[in-house]
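# Examination of the molecular architecture
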There are 2 protein chains.
Amino acid sequence: MSTAPACLSHSRITITPALRAAVDRLDHRSRHQASYHFGWITAGGAPTSADAGKAVRPALALLSAEAVGAPPEVALPGAVAVELVHNFSLVHDDLMDGDEERRHRRTVWRLWGAPSAILTGDALLALAQEVLLDTGLSTAAPAARLLARTTRHLIRGQVQDLAFEQRAHVTLEECVDMAAGKTGALLSASASIGAVLAGAPEAAVDALALYGDQLGLAFQLVDDVLGIWGDPAVTGKPVHSDLRSRKKSLPVTYALHQDGPAGAELAAWLTSRGTPGEAELRRVAGLVEDAGGRDWALAEAARRLALAEDALRGAELDAGARGELLALGRFVVDREV
Amino acid sequence: MSTAPACLSHSRITITPALRAAVDRLDHRSRHQASYHFGWITAGGAPTSADAGKAVRPALALLSAEAVGAPPEVALPGAVAVELVHNFSLVHDDLMDGDEERRHRRTVWRLWGAPSAILTGDALLALAQEVLLDTGLSTAAPAARLLARTTRHLIRGQVQDLAFEQRAHVTLEECVDMAAGKTGALLSASASIGAVLAGAPEAAVDALALYGDQLGLAFQLVDDVLGIWGDPAVTGKPVHSDLRSRKKSLPVTYALHQDGPAGAELAAWLTSRGTPGEAELRRVAGLVEDAGGRDWALAEAARRLALAEDALRGAELDAGARGELLALGRFVVDREV
């Protein structure tokens, strides 16, 4: 069994030629901007190899074919397609959120303007379907259908995320549902699309999809903890970044719904205005912690990861691939918290 | 044979329930904004029946199934899908172009902001694929593949359109290629997707696709003539609207490439700044006309329409449906010029 980092590295190497071939089909401008976004070229067009992210989704896709006894090549178009959908959402989200940097490089909209970011994102979304359907496999249609449905849920999650920013009250259930859409849906599709392309039995596909759903929630819970308490040297984001933007993340939403002074004080702070200083942010992080937000998020992440693992263990899957999926899931969730 | 207006009206009535059922799957906000965009509700959510456009694309899709001897119901998911892709592009284009009104109503981005317009457009694009693939038809995969490829060309056309605004020189060939992407691609897919869903022979599908391609160019040529010389009472746009924005439309691009004083004066004017008055716009419209831009565009539209009709006449198609396609094409192109 290879380790998770080796698995991710292998997946990145496996999919990059197919991903580049797909992006090469785009018109000149969309190709240039997508190639920049993927870290293959500089903004000026010179070849480079910038950080293109961990490629977790393609790795899950390739392993999901192996898990049902198929060669990973069967899943390759699926691995490319989920990476294209993920990056469609990043390019559009960066624009919507006004984020000027991603992985220490300027974002597409920041370099080329909003219309370019809209069109490049649109092009990546359409391309994801084209890559799947061009295979001519009889299983391409169910895989493309899964991807279309997943995109609907992904968009629903982003819609909720933006709506919650403008609402005073968000229930914990709504917040979990948002994370299930924004993060869980595409991880679920990634963890099952290889099995769908391989024509695996429904039970195996469902188990892999459930694994991805629960892994996605565990990942988001940990990500939200890191967004408040993460080490900037590790996360690459400023300390307390999610508090600075007064984001109703999962730990914050949990804390808001607890009785006691910490939750009430936190609620009052969230409706306040102005740019908080470091001391204020430390105090607010303390309120979330005092109301149990941090402990709950970490316990819930562990519970979701266990549910994910149960789903894999309860299904008839290739033992080696199952082991790699388990290792990959733990690697993704067990970051420095 | 029914007349073209009756055919369009019938098509609108046929597809609306399926289109509404598809939009009902979207999250609450995307559904609301899409339903407003389609003219079914007011911005506040009250039922209404505003102008939703002519539904040319769904009409072509339904006729393309009948043309190959299949019942129009076979094409219904295709008709819904092309209408969804068309409206995805309208919602995103309105935002990119900064257009505040469409069909005398405020645009989605103007009412709900840029992020909403981006997400609603994204949702419509993903939904188009889902509608096709949910049919479970064995022909859904080739139809979905056609739609994905078409979307790539549609985006290419919009990318070119935006790029040409910033360029001093655009060849007539580039301008025609842009129109082929922005207008021709989706009309081509519309005119053939019903035949694809019906599993028709390749020759019939190709003839219908060619019909749509050429019809799209003829339509765009006439549209560009109307954008300069059209009667505002008929077009719903201000007089000389394409000249006001110094758009390098097809007649303008043709005129720019002709020898003689009119073309040279036009070229100088296009690089000038400031808001032109009515007298100046009349003078510039005269330059385009003097350089032959109007005559060329109308002659080229007639030539393209003849090529479209030749494609239909040369293929083995149902005579009644062929007649309706011919009538529909003429109705779309022969507007008040």
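The structure we're discussing is the one just above.
Worth saying up front: this structure is predicted, and the values here are computed from it rather than measured. By convention here, each chain's residues receive numbers from 1 onward along its written sequence. For naming, the first written chain is A and the first written ligand is 1, with later ones following in the order written. Local features in a predicted model are, by the rule used here, given only for residues with pLDDT of at least 70; side-chain atom pairs are given and counted only at 80 or more, and totals for whole chains, interfaces and linings are based on all residues. Here the side-chain values reflect all heavy atoms present in the structure, with hydrogen atoms and water set aside.

With that settled, the discussion passes to the environment of G236(A). Its place among the elements puts G236(A) in the loop between α10 (232–235) and α11 (241–244). The class for G236(A) is partly exposed, based on a relative accessible area of 46%. Counting from the N terminus, the helices are DSSP H or I runs at least four residues long and the strands are E runs at least two residues long. Here's how the labels work: a residue is buried when its accessible area is under 20% of the maximum for its type, exposed when over 50%, partly exposed in between, all with a 1.4 Å probe on protein chains only.

The operation relating chain B to chain A is a screw motion whose rotation component is 180°, with 0.0 Å of axial translation and a residual RMSD of 0.0 Å. Such values leave the two copies arranged in the relation of a two-fold axis. Of every C-alpha in chain B, the one belonging to A141(B) sits nearest the axis of rotation, 2.6 Å from it. Interface residue correspondence from chain B to chain A reaches 100%, placing this contact among same-surface, isologous pairings. Only residues with pLDDT of at least 70 in both copies contribute their C-alpha atoms to the least-squares superposition of the copies. Contacts were defined at the residue level, with two residues in contact if any of their heavy atoms lie within 4.5 Å.

Once that is clear, we can look at the environment of T275(A). Residues and elements named next belong to chain A. Checked against the element boundaries, T275 lands in the loop between α13 (261–270) and α14 (278–290). We classify T275 as exposed; its relative accessible area is 78%. Separated by 60 residues in the primary sequence, T275 and R335 place their C-alpha atoms 29 Å from one another.

This part takes up helix α1 (residues 4–23) of chain A. Residue and element names in this part refer to chain A. A helix's residues, less one, multiplied by 1.5 Å, set its expected span. Along its 20 residues, α1 runs 27 Å from first to last C-alpha, staying within 8% of the 28 Å computed at 1.5 Å per residue. Axes are fitted to the seven residues ending at a residue and to the seven starting at it; the angle between these axes is taken as the bend at that residue. At T16, α1 is deflected by roughly 35°, the largest bend along its length, and proline P17 occurs up to four residues later in sequence. For α1, the complete set of buried residues consists of A4, C7, L8, S11, R12, I15, T16, L19, A22 and V23. Turning to α1, the residues buried within the fold contact α2 (28–37), α3 (56–67), α4 (76–97), α6 (114–133) and α16 (319–333).

Before going further, it helps to examine the packing of aromatic side chains. In this description, an aromatic ring pair is defined by two values, namely the gap between the centres and the angle between the planes. In summary, the pairing rule links any two rings of Phe, Tyr or Trp, Trp by its six-membered ring, whose centres are within 6.5 Å, and it sorts them by plane angle into stacked for under 30 degrees, edge-to-face for over 60 and tilted for everything else. For the coordinates displayed, the defined rule picks out six aromatic pairs over all chains. Ring plane angle 15° and centroid distance 4.9 Å describe the contact between F38(B) and W40(B), whose orientation is recorded as stacked. Each member of the pair, F38(B) as well as W40(B), carries the same accessibility label: buried. Only when the NZ atom of a Lys or the CZ atom of an Arg is both within 6 Å of the ring centre and within 35 degrees of the ring normal do we say a charge sits over the ring. Over the face of the ring belonging to Y36(A) we find R105(A), whose NZ or CZ atom lies 4.0 Å from the ring centre.

Our next topic: the packing of α6(A) against helix α6 (residues 114–133) of chain B. α6(B) packs onto α6(A) with a crossing angle of 15° between their chain directions and a minimal axis gap of 11 Å. Regarding the angle of α6(A) to α6(B), the classification is roughly parallel. The element α6(A) and its partner α6(B) pack so that their crossing is right-handed. Residues I118(A), D122(A), L125(A), Q129(A) and L133(A) of α6(A) lie in contact with α6(B), whose contacting residues are I118(B), D122(B), L125(B), Q129(B) and L133(B). Each residue gets one of three labels, nonpolar for Ala, Val, Leu, Ile, Met, Phe, Trp, Tyr, Cys and Pro, charged for Asp, Glu, Lys and Arg, and polar for the others, Gly among them. Broken down by class, the residue content of the contact of α6(A) with α6(B) amounts to six nonpolar, two polar and two charged. Between the N-to-C directions of two axes lies an angle of 0 to 180 degrees, each axis being a line fitted to C-alpha atoms and, for a helix, fitted only over the stretch in contact. For classification purposes, an angle smaller than 35 degrees is called roughly parallel, one larger than 145 roughly antiparallel, one from 65 to 115 roughly perpendicular, and anything else oblique. By convention, the crossing between two helices is left-handed when the near helix turns anticlockwise from the far helix through less than a right angle, and right-handed when the turn is clockwise.

All right, on to the interface of chain B and chain A then. Facing the 34 residues of chain B at the interface are 34 residues of chain A. Note on terms: buried area is the combined drop in 1.4 Å-probe accessible area of two parts once they are placed together, counting the loss on both. Counting the surface lost from both chain B and chain A, the interface buries some 3100 Å², and carbon and sulfur atoms represent 72% of this. Of all residues in chain B, the largest losses of buried area upon contact with chain A belong to L119(B), L133(B) and R152(B), amounting jointly to 19% of the total for that side. In this structure, D134(B) engages R145(A) in a salt bridge whose closest nitrogen and oxygen atoms are separated by 2.5 Å. As used in this structure description, the phrase polar contact means that two N or O atoms lie within 3.5 Å; if the pair is within protein, one of them must be able to donate a hydrogen and the other to accept it, and residues adjacent in sequence are counted only when both atoms belong to side chains. Across the contact surface, chain B and chain A share eight residue pairs in polar contact (both at pLDDT 80 or more). Going through the elements one at a time, α2 (28–37), α4 (76–97), α6 and α7 (140–165) of chain B are the ones with two or more residues in the side of chain B that touches chain A. The salt bridge criterion pairs a side-chain nitrogen of Lys or Arg with a carboxyl oxygen of Asp or Glu, the two atoms within 4 Å.

Residue and element names in this part refer to chain B. Here helix α15 (residues 293–313) contains 21 residues, and its C-alpha end-to-end distance of 30 Å stays within 8% of the 30 Å for a straight helix at 1.5 Å per residue. All of the buried residues along α15 are G293, R294, W296, A297, E300, A301, R304, L305, A308, E309, A311 and L312. Buried positions along α15 lie against α8 (172–197), α9 (202–229), α12 (250–256), α14 (278–290) and α16 (319–333).

Moving on to unusual backbone geometry. All names here are of chain A. One non-glycine residue, R103, lies in positive phi territory at about 50°. Positionally, R103 belongs in the loop between β1 (101–102) and β2 (105–106). One non-glycine residue with positive phi stands out, namely H104, at about 65°. With respect to the element layout, H104 can be found in the loop between β1 and β2. Classification of H104 as exposed rests on a relative accessible area of 66%.

Residues and elements named next belong to chain A. With respect to the secondary-structure elements, H86 resides in helix α4. A polar side-chain atom of H86 sits 3.3 Å from a polar atom in the side chain of R57. When near neighbours in sequence (up to four residues on either side) are disregarded, H86 contacts R57 and L186.

Residues and elements named next belong to chain B. Using protein atoms alone on a 1 Å grid, points that fit a 1.4 Å probe yet trap it form a cavity, whereas open point sets bounded by protein on both sides within 12 Å along at least five of seven lines form a pocket; residues with an atom within 4 Å of a point count as lining. Grid points are joined across faces, edges and corners, and a volume is the space filled by probe spheres set on the points. Considering all chains together, one arrives at seven cavities of 30 Å³ or more under this definition. The computed volume of the largest cavity comes to approximately 110 Å³. If you trace the largest cavity, you find 13 residues lining it, with Y36, H37, R102, R106 and T107 closest to the centre. Those elements giving two or more residues to the lining of the largest cavity turn out to be α2, α4, β2 (105–106) and α5 (108–112). With three residues, α4 is the single largest residue contributor to the lining of the largest cavity.

Looking now at the packing of α8(B) against α9(B). Residue and element names in this part refer to chain B. Put simply, α8 and α9 touch, their axes get as near as 7 Å, and they point 145° apart. The way α8 lies across α9 gives a crossing that is right-handed. Along the contact surface, α8 presents V176, A179, A180, T183, G184, A185, L187, S188, A191, S192, A195 and V196, while α9 presents V205, L208, A209, Y211, G212, D213, L215, G216, L217, F219 and Q220. Of the residues in the contact of α8 with α9, the class split is 15 nonpolar, seven polar and one charged.

Time to look at the pattern of salt bridges. Where side chains of opposite charge bring their charged atoms close, a pairing between them can arise. Residue and element names in this part refer to chain A. Throughout the structure, instances matching the rule amount to 32 salt bridges over all chains. For the salt bridge of R25 with D134, the shortest nitrogen-to-oxygen distance reads 2.8 Å. Separated by 109 residues along the polypeptide, R25 in the loop between α1 and α2 and D134 in the loop between α6 and α7 (140–165) bring together distant segments of the chain. With a relative accessible area of 25%, D134 lands in the partly exposed category. In this structure, the salt-bridge partner of K182 is D161, at a minimum N-O distance of 2.6 Å. One end of the pair, K182, is in helix α8 (residues 172–197); the other, D161, is in helix α7, and 21 residues separate them in sequence. Looking at K182, the relative accessible area reads 24%, which means it is partly exposed.

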